[in-house]
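# Reading the structure
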Amino acid sequence: MVHKLKKPNMDLSIVVPLYNEEESIKELYDWIQRVVSPLNWSYEVIFVDDGSTDTSWTVIEELKREAAPVKGIRFRRNYGKSAGLYCGFEAAQGDVVITMDADLQDSPDEIPELTRMVKEEGYDIVSGWKKKRYDPIGKTLPSKLFNRTVRMVSGIKLHDFNCGLKAYRNEVVKNIEVYGEMHRYIPLIAKQAGFKRIGEKVVQHQERKYGVSKFGIERTIKGFLDLLSVTFIAKFGKRPMHLFGALGTLMFAVGFLTALGLGASKLWYVYHNVAARLLTDSPYFYISLVSMVIGTQLFLAGFLAEMVARNGHERNNYHISQRID
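Residues numbered from 1 in each chain as written. Predicted model: local features only at pLDDT ≥ 70, side-chain atom pairs only at ≥ 80, totals over all residues. Heavy atoms only, no water.

## Looking at the packing of helix H1 (residues 25-36) against helix H2 (residues 56-66)
Note the threshold: All axes here are fitted lines through C-alpha atoms, helices being fitted over the stretch that makes contact, and every angle between N-to-C directions spans 0 to 180 degrees. Elements are defined by DSSP. Helices are runs of H or I of four residues or more, strands are runs of E of two residues or more, and each kind is numbered from the N terminus. Between two residues, a contact is recorded if the distance between any of their heavy atoms is within 4.5 Å. Gly is put with the polar residues, along with every residue not named as nonpolar or charged; the nonpolar set is Ala, Val, Leu, Ile, Met, Phe, Trp, Tyr, Cys and Pro, and the charged set is Asp, Glu, Lys and Arg.
Relative orientation of the contacting elements H1 and H2 amounts to 35°, with a least axis distance of 10 Å. Within the contact between the two elements, H1 uses Ile-25, Lys-26 and Tyr-29 and H2 uses Ser-56, Val-59, Ile-60, Leu-63 and Glu-66. Considered class by class, the residues forming the contact of H1 with H2 number five nonpolar, one polar and two charged.

Following this line, the structure appears as structure tokens:
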């Protein structure tokens, strides 16, 4: 569900989802404070603890007692980064919302320029690009392949979709829904919601100082599957019959025409008293039957999906940017 849109009442919100990052939280907050405090902005830092099993939440509680700008959200168990961002976006009150990871690999020194690009240059989203990375080749090579694929499919010219360091206008985060593992596709989700001014900035990438990475090679595999999912939902989520109905009709037509051709051929042989084998002896007969059966099933699947979509409570959920009454 899309968040209710409220007028921002502060300049900046910094959303930091984290999982077992007890060593880096205090250091990250101090770094953010050194960068943002001299700018005289009203700001908040929202730490979202994604079910950490270490003392991360204790550190956040201590920070809250020491510093008013700190807010904390704690999950009972680990839900994933998308869930953390969703709840962080829901709580964010700043005119500009910055997201960053808690492992100190994202530099808070980038915050002023990212904020300026949103406020002064009118971008809806500014995504960081870690042009020079300090990750092993086993992580950088799949990342390059992944980003190239997403660029081709989405048409969004970003080099690093999965960079955690991003800046958003408040309106953007209140009008998109991030779930599952879709956080890496936020620029694509935002574009589909009508926010098309998407920019990019080269940002510093720091070497991991504490702990180990929470992501493995399975992230790349899940990433490609999620890309298919988000693309399909965007194009056919509210009109599934356009896909399943078209495929079903095509499959049925191919099977029917093949069967028709076989039948016509058999009748021609019989009419001219030419010996011909039984239709059931031809493999094309069974191929045509299977094709018609699959076509019928696809068509029915599209019909049922269309009924579900038309009765969904969000079937008329449209993003309205302005209204004059």
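## Focus: the environment of Val-118
Definition in use: Only protein chains enter the area calculation, which uses a 1.4 Å probe; residues under 20% of their type maximum are buried, those over 50% are exposed, and those in between are partly exposed.
Take Val-118: it is sitting in helix H4 (residues 111-119). Note on Val-118: relative accessible area 4%, which makes it buried. Sequence spacing of Val-118 and Tyr-168 is 50 residues, and the spatial spacing of their C-alpha atoms is 6.9 Å. When residues no more than four places from it in sequence are discounted, the contact partners of Val-118 are Val-96, Tyr-123, Val-126, Ala-167, Tyr-168 and Arg-169.

## Observations regarding helix H9 (residues 241-271)
To keep it simple, the criterion reads: To estimate the expected span of a helix, subtract one from its residue number and multiply by 1.5 Å.
In this model, H9 (31 residues) spans 43 Å end to end at C-alpha, consistent with the 45 Å of a helix rising 1.5 Å per residue. Listed in full, the buried residues belonging to H9 are Met-241, Gly-245, Gly-248, Gly-255 and Leu-262. Looking one or two places after H9, you find Asn-273, whose phi comes out positive at around 55°.

## Let's talk about the pattern of salt bridges
This is how the line gets drawn: In the sections that follow, a salt bridge refers to a side-chain nitrogen of Lys or Arg positioned within 4 Å of a carboxyl oxygen of Asp or Glu.
Overall, the coordinates contain eleven salt bridges when judged by the stated rule. Asp-11 serves as the salt-bridge partner of Lys-119, at 3.9 Å between the closest nitrogen and oxygen. Of the two residues, Lys-119 is situated in helix H4 and Asp-11 in strand E1 (residues 10-18); the sequence distance between them amounts to 108 residues. Look at Lys-119 and you get partly exposed, because its relative accessible area is 38%. Using a relative accessible area of 25% as the deciding quantity, one classes Asp-11 as partly exposed. Linking Glu-120 and Arg-116 is a salt bridge whose minimum nitrogen-to-oxygen distance equals 3.6 Å. Overall, Arg-116 belongs to the partly exposed group, its relative accessible area being 27%. A cluster of three or more residues bridged by salt bridges with shared partners is formed by Glu-113, Arg-116, Glu-120 and Glu-121.

## Notes on the sheet that holds E1
Selection rule: By definition, two strands form a pair when at least two bridges between them are found by DSSP.
The strand order across the open sheet formed by seven strands is E3-E2-E1-E4-E6-E5-E7, and the pairing between neighbours is mixed. Sheet topology places strand E3 (70-74) and strand E7 (198-202) at the edges, where each strand pairs with a single neighbour. With strand direction ignored, the average angle separating the axes of adjacent strands in the sheet is 20°. Bridge count between strand E5 (residues 125-129) and strand E6 (residues 166-169): three bridges; the pairing is antiparallel.

## Description of the packing of aromatic side chains
To keep things clear, this is the line we draw: Ring pairs shown here join Phe, Tyr and Trp side chains whose ring centres sit within 6.5 Å, with only the six-membered ring taken for Trp; geometry is labelled stacked below 30 degrees between planes, edge-to-face above 60, and tilted in between. We call a charge positioned above a ring when the Lys NZ or Arg CZ atom is no farther than 6 Å from the ring centre and deviates by at most 35 degrees from the ring normal.
All chains considered together, the criterion is met by five aromatic pairs. Ring centres of Phe-89 and Tyr-168 lie 5.5 Å apart, and the angle between their planes is 70°; on these two criteria the pair is classed as edge-to-face. Highlighted residues: Phe-89 in helix H3 (residues 81-91) and Tyr-168 in strand E6, separated in sequence by 79 residues. Under the relative-accessibility criterion, Tyr-168 is labelled buried at 1%. Centroid distance Phe-252 to Phe-256: 6.3 Å. Interplanar angle 10°. Geometry classified as stacked. Placement of both Phe-252 and Phe-256 in helix H9 is noted, with a separation of four residues, approximately one turn of the helix. According to the relative accessible area criterion, Phe-252 is partly exposed, its value standing at 37%. Positioned above the aromatic ring of Trp-41 is the side chain of Lys-119, whose terminal nitrogen or guanidinium carbon lies 5.5 Å from the ring centre. Directly above the ring of Tyr-123 sits Arg-197, whose terminal nitrogen or CZ lies 5.1 Å from the centroid.

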